[in-house]
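# Summary of structural features
Given next are the chains, with one letter for each unit.
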Amino acid sequence: MKAAAFRYHRATSLDDALAVMADDDEEVRALAGGQSLVPLMAMRLSRPEVLVDLNGVDALAGVALDGGHLRIGAMTRQRDVERSPLVAEHLPLLRTAIGHIGHVTIRHRGTIGGSVAHADPAAELPAAVVALGAEMVLASTGGTRVVPAEEFFDSYLVTAVEPGELLVEVRFPLGAVPARHGMAEFTRRAGDFAVAGAIVLADVAADLTVRRARVVPMAVDPAPRRSARAEELLVGRALDDGVIREVAAAVAAGCGPVDDIHGSAAYRRDLVAEMTRRALARLRQGAGE
Amino acid sequence: MSGETAITVSATVNGRRQTFTCEARETLADALRRRCQVRGVHLGCEHGVCGACTIRFDGVTARSCLMFAPQADGAEIVTVEGLADGDELHPLQEAFSRHHALQCGFCTPGFLMVAQELLAEGGPLTEEVVREAISGNICRCTGYHNIVEAILAVADARSGEAEK
Amino acid sequence: MTGTRHGHEPGVGGVGAVVRRHSDPALVTGHATFIDDIESGGTLHLAMVRSPFAHAEIKGVDASAALDLPGVHAVLTGAELVRHAKVQPVGWEHIDNQRAAPTYAMAVGKVRYCGQIVAAVAAESRALAEDAAELVEVDYEPLPVVHSIEDALAPDAPRLVPEWPDNVFGSQTYGNGDADAAFADAEVTVSERLTFGRQFGCPLEPRGAVATWERYTNRIELWINSQSPNRVREVVAEVLGVPVSGVRVRVPGIGGGFGSKANYYGEEILCCLLSRLTGRPVKYIEDRQESFVATSHAREQRIDVAVAATRDGVITALRGHIVGVLGGEISSVGMGPVWLSAVSIPGPYRIPNLELSVTGVLTNRTPYGSYRGWGAPKATFAMERIIERLARELGVDSNEIRRRNFVRPEEMPYSNGVFATLDSGRYEHCLDLCVERLRRDGWYRFREEARAAGRKVGIGVAAFVESTGIGPSRVMARLGIAQGGYDEAVVRMDSTGRVTVFTGQTEMGQGMSTTLAQLCADELNIPVDQITVVMGDTDACPYTGYGTGGSRAAAVGGVAVRQATGELKRQILRVASHQLEVDVADLEIADGLVQVRGLPGYGRTLADVAYAAYRRLTDVGEGTTPTLQGRAVFDPVALTYANGCAGVVVEVDPATGGVTVLGYVMVDDCGTMINPQIVDGQLHGGCAQAIGGALLEDLVYDRNGQLLTTTFMDYLLPTAMEVPPFSTVHVETPAPNTPGGMKGVGEAGTVPGPAAIAAAIDDAVDDPAVFVRHLPVSPEQVYRFCNAAG
Ligand SMILES: Cc1cc2nc3c(=O)[nH]c(=O)nc-3n(C[C@H](O)[C@H](O)[C@H](O)COP(=O)(O)OP(=O)(O)OC[C@H]3O[C@@H](n4cnc5c(N)ncnc54)[C@H](O)[C@@H]3O)c2cc1C
Ligand code: FES
Ligand code: FES
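Since the model is a prediction, treat every value here as computed from it, not as a measurement.

### A look at the site of ligand 1
- Around ligand 1, the structure places 33 residues, and the nearest of them are R29(A), A30(A), S36(A), T111(A) and E124(A).
- More than one chain approaches ligand 1, the contributing ones being chains A, B and C.
- The separation between an oxygen atom of ligand 1 and a polar side-chain atom of S36(A) is 2.7 Å.
- In the environment of ligand 1, a nitrogen atom lies 2.7 Å from a nitrogen or oxygen atom belonging to the side chain of E124(A).
- If ligand 1 stood free it would expose 970 Å²; the protein chains cover 96% of that surface.
- Only β2 (28-31), α7 (112-118) and β10 (166-173) of chain A provide two or more residues apiece to the shell around ligand 1.
- The greatest single-element share of the shell around ligand 1, amounting to four residues, is contributed by α7(A).
- For the shell around ligand 1, the residue count by class is 15 nonpolar, 14 polar and four charged.

This is how it looks when you write it as structure tokens:
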């Protein structure tokens, strides 16, 4: 398990990184935390010719409040996001979601941008950024563009990032999505990727009437997507057990899981319903007080 | 394929500055083992899951099999070899031995690095917290029971001292 | 001899003492030496070209592009190998009609499982060797794949060995009494078909070897992390056609073995051969992904089990038919583990009529070999499951059935007429202790409270015996095992009075070097820290018939050390007797002195006695041979039986099928305990493997014979979160045939757990329609149990 040979470039600035990324004669890949890329390289399932190490580009790391957005640099370590007071205050879901990623040692190096760009459908952060209505800021030597999270994820490990582009920032509009969150996932062991999971956001009135809602199932579609049907079923109704069951069933009916060694599609469908139910129950806890 | 250029890397390993050349594709784990002669970095999986290769990299734990050696240029690295103070074992090393928290010892360096970080964070430790904290490390021999005991014993001794 | 444990002075660290392991300081500081730490200048590294097909003809191998790569020294293929190497021997030929399936160190002409070695590339670095391996072009012609038992036994099945009429490697039936009659007359009969998944030892350190074939002396020095250095030495000699004395096998620290490293493999042969072909030391370190296809698999079996009983639960007959899912080639242990499963099903029970059979079938899977517990976990699974089934049928508590059928201490030695002669043990007492500990730890109350609150909590118990201390050499030879079960030990006192133990056993984390030192300390009544244990070098260490495995290191190797120490002691006393002019019978060793009994302090220091024996022979009696050394060979007269009982508490989440192990009691009778802390450690580790085996670990193949679980993300080893704290209870019934009373404890932890976990899940789900028949049981399966209607 030794990686195939590649050229290593330690980027000193974003421009420097983008200049190397722009080379379209060779397969160039960005190296962030390496927690997904390096195993793939060790197994020779990924064999870039040039590796652009972003770890030295300080400008890509950090959490900042900027007008109506919380901006998180792509190279911000998952552990730093998890511990950021700004995130705790404005995006508690992110903190919860990151708490489910692997183990502390993984989160020390793994970055928010790396996880989002890697786009594993069982991963927490891709689902979380969809739920939170985040915007992905992509840069290339040709300029910068912004892609909404909902349009960012195409399918298993495939995103809107074009060759030559880097994800530089994940931008979270504040107040645009409901504040309260609930999350649940089922794993085979502590720290494993989810067999199925769900993230819900909702604004709930004192009488438990749901005003706004966002529901994102995990590990049951090729890419994280909101469940429109589930959201429709929630809005305007009181979050009682019957509604929760209905919503859970809608999520299960609307997703497209596949069989793998950790569970069949049918089982995953049942599991995602249960995880949706638990996520909503958690969200409801303390709501309406 | 081979004709790739050697890269010079300079890092502080267990307090000593080390300069070595390597191929870009060499993992930091391999470089530490083969170029820096720190053989306590063990390879149990080379894909980031077992934790045997855990080191402290610029102040926090990291899996050295998931980094390439050139990334270590300028870094401050501590491995299990850097825990003891001369001939005096680190309290965790002492406790692991006393509580029989190691059998083959292949996983032990990784557990020690993670446990050290956990203790340094200073929070109150319960069995549950310790188990969660070490759950990224695999031990095939001990069943974890005595590893948990050893870490809790050091934590208890520390809090005992703090109260004095 | 068992009395000696209290005879020594405090601080000696003899039998029964908790002695800290002297291997620890190097291990905790990162300074211990493992196989990957062995590398001399000029070493070449091997990478293997492994078959991507489960079954295929090799039409041709073109290594020219690989050889053109700078830094590549050699590429070895099967066609070349057969010019230098004989077939790999199979050590176990114990089934009457066992067939021969010649297996070489790598594929020759045909591959029979995914991952089988097709070519070996030696290059300046491992990375380069892997680059070159990718360039080796192999022309495969795929053949139909035999995926399962059903596939293998189908009348028109493709045959793995074309010369055979079918895919059956061997098959045999064992009987006692008249099972047919007992079943015909029975008041009650129950039967079940059970299956056990494919798993393996998976030590954290993969296998590795470094070979240097010295051109001018024609000697091979082979470093290898093997549990059986003497066996490896003989195999290398046999396969490569060199004298045994021309092979020196050395074993560094081993990062866990669990039976995986007790088998011998092709890779070490390839290292030796490539060293000869290149003139360089050659090193191979299996990587983790390779380990899943290249290290022996184990456990996978189909078990048909049935019992006949009276209405009050007395078992009158047992039938057990086991089919083992062997791989595409035969490993060094043949179908030994499957056979042991079959003949071990009766366990601790008195069952007069037995009909047991075993069949091994070839499939296109990785070879089947040793994993801690060997046959016992599946045998126990079968017996304890069928007891649970009978208990349900009769509406009585399964522990009641156990009690009614246990072989009682006063009935021992008890031969079941098939294989086992249960020598000692208090099986009912162990069960009582288990239940009592579960109660004391509050688990029965917890279960009731949790159930009242609507939670699904269950408790399962399983009793077991396990044949340990393998084994009586003549019995083994009669069985057809090409290896003795005895052990040789040499114990020397040097001229300064320090003692060195030389043993053929190996240390792989189980604390062997410490426990052997304790036995020696106990016998000599000297502090354990004055004893050095030397192991892992076939040039320096004595011969062990079987290596380290089969829970034999203490029960056989330990006895040899003890007896060799006894011989050394006699020599010491003889020299001292001459010096002190006191009869040997009046002398004892205490406080570092050889002194006159009843006259503490009157004597000679051990250092002085030793000095005389080596360097001042005027002080030694005429006719006494200089130097101080004892040697002994111990060959047990019979197997012994470790035994005990496990009690496991689980909670099932009916909405997900998730199973959490909350509590785990392990009662174990390993005979005399040499070091209770090490005994506990062995049990903990084994119990964790039982949890993995029951709930998590599964080597999954698809229909094309591709292994789907080749990373640690897919083959799930338990972490600290899946394993509870363990509660161990010890019973010490000395083994009557083992001087010192040890039975062995290396494997016990793995044995009853799977059965107990299965029972606990049944209990938690608490539905008469639910019965765990397959392990490992996945969350999805448990979910289906809980939601059968839906
Ligand atoms: C033992 C273990 C357990 C884990 N458990 C979980 C888990 O439970 N849940 C989970 O979600 N993840 C888990 N992970 C994965 C972890 O979260 C990774 O950190 C994450 O998937 C990738 O982030 P990274 O920063 O390490 O990216 P890298 O591995 O460096 O990169 C991943 C991919 O993204 C690309 N990339 C990275 N940054 C950019 C960028 N700025 N612009 C464009 N492309 C970019 C890379 O080229 C690469 O293709 C686990 C990993 C390990 C080793
Ligand atoms: S070797 Fe790095 S995590 Fe296993
Ligand atoms: S002590 Fe062997 S793997 Fe942990």
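The discussion continues.
### Considerations on the environment of F96(B)
- One can find F96(B) in helix α2 (residues 91-98).
- F96(B) has contacts with A101(B), L102(B), T108(B), F111(B), L112(B), I147(B), A150(B), I151(B) and V28(C), leaving out every residue within four places of it along the chain.

### Some remarks on the nonpolar core
- Grouped together as the largest cluster of nonpolar side chains are 183 residues, with contacts concentrated most on F96(B), I151(B), M383(C), F712(C) and I761(C).
- In contact with I151(B), not counting residues within four places along its chain, are L92(B), F96(B), A115(B), L118(B), L119(B), L125(B), V130(B) and I134(B).
- By size, the runner-up hydrophobic cluster in this structure holds 49 residues, among which are V12(C), V499(C), V559(C) and V594(C).

### Brief notes about the sheet that holds strand β3 (residues 54-57) of chain B
Residue and element names in this part refer to chain B.
- Spatial ordering of the open sheet is given by β2-β1-β5-β3-β4, a layout of five strands whose pairing is mixed. The sheet is open, and its two borders are formed by β2 (16-22) and β4 (60-63), each paired with just one other strand. With strand direction ignored, the average angle separating the axes of adjacent strands in the sheet is 40°.
- On top of the sheet, helix α3 (residues 108-121) reaches β3, β4 and β5 (76-78); it is set at about 40° to β3, its chief contact.

### Here we look at the domain arrangement of chain C
All names here are of chain C.
- Domain assignment breaks chain C into domain 1 (423-470 + 638-790) and domain 2 (486-634).
- Of the residues lining the interface, 17 residues belong to domain 1; the matching set on domain 2 comes to 19 residues.
- Together, I470, I674 and M742 form the three largest contributors to the area buried by domain 1 at its contact with domain 2, with a combined 42%.
- The interface formed by domain 1 and domain 2 holds zero salt bridges in total.
- In this structure, the connection of domain 1 to domain 2 is made through six residue pairs in polar contact (both at pLDDT 80 or more).
- Of all elements in the fold, only β18 (456-468) and α19 (676-696) reach the threshold of two or more residues within the side of domain 1 that touches domain 2.
- Across the side of domain 1 that touches domain 2, the residue classes break down as six nonpolar, eight polar and three charged.

### Examining the pairing of strand β21 (residues 531-534) of chain C
Residue and element names in this part refer to chain C.
- Side chains I531 and V533 of β21 all project onto a buried face; the interleaved residues T532 and V534 project onto a face where none is buried.
- Pairing between strand β20 (residues 499-503) and β21: four bridges, direction parallel. Counted as the bridge partner of V499 is I531 from β21.

### Concerning the packing of helix α11 (residues 376-394) of chain C against helix α12 (residues 398-405) of chain C
Residue and element names in this part refer to chain C.
- Where α11 contacts α12, the axes come no closer than 8 Å and their chain directions differ by 115°. On the basis of the axis angle, α11 is roughly perpendicular to α12. Handedness of the crossing formed by α11 with α12: right-handed. On the side of α11, the interface is formed by E384, I387, E388, L390, A391 and L394, while α12 contributes S398, I401 and R402.
- A class-by-class count of the residues in the contact of α11 with α12 yields five nonpolar, one polar and three charged.

Conventions and cut-offs
Residues numbered from 1 in each chain as written. Chains lettered and ligands numbered in written order. Predicted model: local features only at pLDDT ≥ 70, side-chain atom pairs only at ≥ 80, totals over all residues. Heavy atoms only, no water. Near = heavy atom within 4 Å. Polar contact = N/O pair within 3.5 Å; in protein donor to acceptor, adjacent residues only side chain to side chain. Areas by Shrake-Rupley, 256 points an atom, 1.4 Å probe, with all protein chains shown as cover. Helix = DSSP H or I, 4+ residues; strand = E, 2+ residues; numbered from the N terminus. Nonpolar A, V, L, I, M, F, W, Y, C, P; charged D, E, K, R; others polar. Contact = heavy atoms within 4.5 Å. Core = buried A, V, L, I, M, F, W, Y, C linked by side-chain atoms within 4.5 Å. Buried < 20%, exposed > 50% of the residue type's maximum accessible area, 1.4 Å probe, protein only. Pairing = 2+ DSSP bridges. Axes fitted to C-alpha atoms, helices over the stretch in contact; angles between N-to-C directions. Domains from an automatic or database assignment. Buried area = accessible area lost by both parts, 1.4 Å probe. Salt bridge = Lys/Arg side-chain N within 4 Å of Asp/Glu carboxyl O. Parallel < 35°, antiparallel > 145°, perpendicular 65-115°, else oblique. Left-handed = near helix turned anticlockwise from the far one by under 90°.

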